[in-house]
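# Structure assessment
Okay, here's what each chain looks like letter by letter:
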Amino acid sequence: MDSIQDALKTLHLFQIDSVNVFTRAHLMPAFSRVGAYSLDEFERLAFGAGSMPEFREYWAHCAALIAPEDWGLFEFRRNEYRDREKVKALLSPKHQLTTWIRGELRQNGPMTIAQFEHDSNKRTGNWWGWSEVKLILERLYFAGEMVSAGRKNFSRLYALPEQVEMPRLSLNEAEQKLELLRRSAQSLGIATEGELADYFRFTKTEAKASFNSLLQSGELVEVAVEGWQEPNYALVKTLETQVSLDYSRPLRLFNPFDPLTWHRDRTRRLFDFDYLIEIYTPEPKRKYGYYTLPILYRDQLVGRADLKHDRKTGELRVLSLWKELWVSKALEKEMAPHLQAEFELAKKFVGAEKLIPPSRGNWSL
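For the structure given in this document, a descriptive report is provided here.

Thresholds applied
Residues numbered from 1 in each chain as written. Predicted model: local features only at pLDDT ≥ 70, side-chain atom pairs only at ≥ 80, totals over all residues. Heavy atoms only, no water. Axes fitted to C-alpha atoms, helices over the stretch in contact; angles between N-to-C directions. Helix = DSSP H or I, 4+ residues; strand = E, 2+ residues; numbered from the N terminus. Parallel < 35°, antiparallel > 145°, perpendicular 65-115°, else oblique. Contact = heavy atoms within 4.5 Å. Nonpolar A, V, L, I, M, F, W, Y, C, P; charged D, E, K, R; others polar. 1 Å grid on protein atoms, 1.4 Å probe; cavity = no way out; pocket = protein on both sides within 12 Å on 5 of 7 lines; lining within 4 Å. Points joined across faces, edges and corners; volume = space filled by probe spheres on them. Buried < 20%, exposed > 50% of the residue type's maximum accessible area, 1.4 Å probe, protein only. Pairing = 2+ DSSP bridges.

Where helix α6 (residues 96-108) contacts helix α7 (residues 132-142), the two axes come as close as 11 Å, and the packing angle between them is 75°. The orientation of α6 relative to α7 falls into the category roughly perpendicular. Contacts from Leu-97, Thr-98 and Ile-101 in α6 reach Glu-132, Val-133, Ile-136, Leu-137 and Leu-140 in α7. Considered class by class, the residues forming the contact of α6 with α7 number 6 nonpolar, 1 polar and 1 charged.

Moving on, we come to the layout of surface pockets. A volume near 1500 Å³ is recorded for the largest pocket. Broken down by secondary-structure element, the contributors of at least two residues to the lining of the largest pocket are α1 (4-11), α2 (28-34), α8 (173-188), α11 (236-240) and α12 (264-271). Of the residues belonging to the lining of the largest pocket, the class tally is 19 nonpolar, 9 polar and 9 charged.

This part covers the pairing of strand β9 (residues 292-297). Of all 6 residues in β9, 6 are buried; the element is thus mostly enclosed. A two-sided burial pattern is seen for β9, the buried positions comprising Thr-292, Pro-294 and Leu-296 on one face and Leu-293, Ile-295 and Tyr-297 on the other. Judged from the 6 bridges that link them, β9 and strand β10 (residues 300-310) form a sheet pairing that is antiparallel. In the sheet register, Ile-295 faces β10, and the bridge partner there is Gly-303. Hairpin connection, β9 to β10: the antiparallel pair is bridged by 2 residues, and Arg-298 has positive phi, about 55°.

Let us look at the environment of Leu-27. Within the secondary structure layout, Leu-27 lies in the loop between β1 (14-15) and α2. Placed 10 residues apart in sequence, Leu-27 and Tyr-37 show a C-alpha to C-alpha distance of 9.6 Å. The contact partners of Leu-27, leaving out residues within four places of it in the chain, are Tyr-37, Leu-39, Phe-42 and Phe-349.

Moving on, we come to the sheet that holds β1. Pairing within the open sheet is antiparallel, and its 3 strands lie in the order β1-β3-β2. Because the sheet does not close on itself, it has two edges, and the strands there are β1 and β2 (56-59). When β1 meets strand β3 (residues 63-66), the two strands line up antiparallel, connected through 2 bridges. Paired with Gln-15 across the strands is Ala-64, a residue of β3.

So this is what it looks like as structure tokens:
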């Protein structure tokens, strides 16, 4: 792949996450596939950097960046949310706070949550506690009555739909769901029915009609894989396409929120690699580290690295580095220069000045 846009075209989404111990999750899928691209360019494409962004933001798999032409594929989801009683109440002309919020946006243009000056814009409870203004904005955002006009210092810029160009598609609900399931299959290559559904957060029941439609048309076929117990499926055009794997950069870092690794059972089945993000594991019980990144060598996941970008000291610290137990000495030696090159690339990518080797793990630089 040559560009950020190529990566998004392949994956159809970049999942957004706020954890920034190495770099934010939505920056990683393109890095894994493209290399050390310009972070300023990503900021412009994704969040606007002072102007309107090229990408759009919506709840796809989770909070995610999507291509503008994909916005219309989630209209059924916005309609479902718009029909909820709590949202209907917010949309009533009698709801004074909603009316005030809309008036502020109409007068000032896109705004972050901090720019709304109102007594009801005060956090409640812990740091997850949303103010009443924030709660309204988020509910209306899900319903498409508010949209994102990008982000400023990672804080979403809320806007009225008429303030941001949102391409619409003339597809009905069934056609939207069918196209999303088709895109799931394009991105995953081969997957179980449940994994195809989960890509855009459908349950198997919700995706059943679209799944059956793709099967009946012959566009999707069942694929038998030796050693796999559950049926798997792939698009015929995927099976007919000859893929030339690019090993010019044979070793690459990936991310917990990358479609390659976000589904634990799938990662185990494809790579015999048991991967669990340990952010939510108490520190004494962590085996590998807080935010380990899977390491792909050619077509195998061979290990994981816990990275921390210390922005004050300008250091990229490899807190721990682990190879899988099956990795032989010969393979370790073969990978050594590529491992060093990938960490140097990661250092360049985040703008660190110094690489600090690992102090924990069974793999050394």
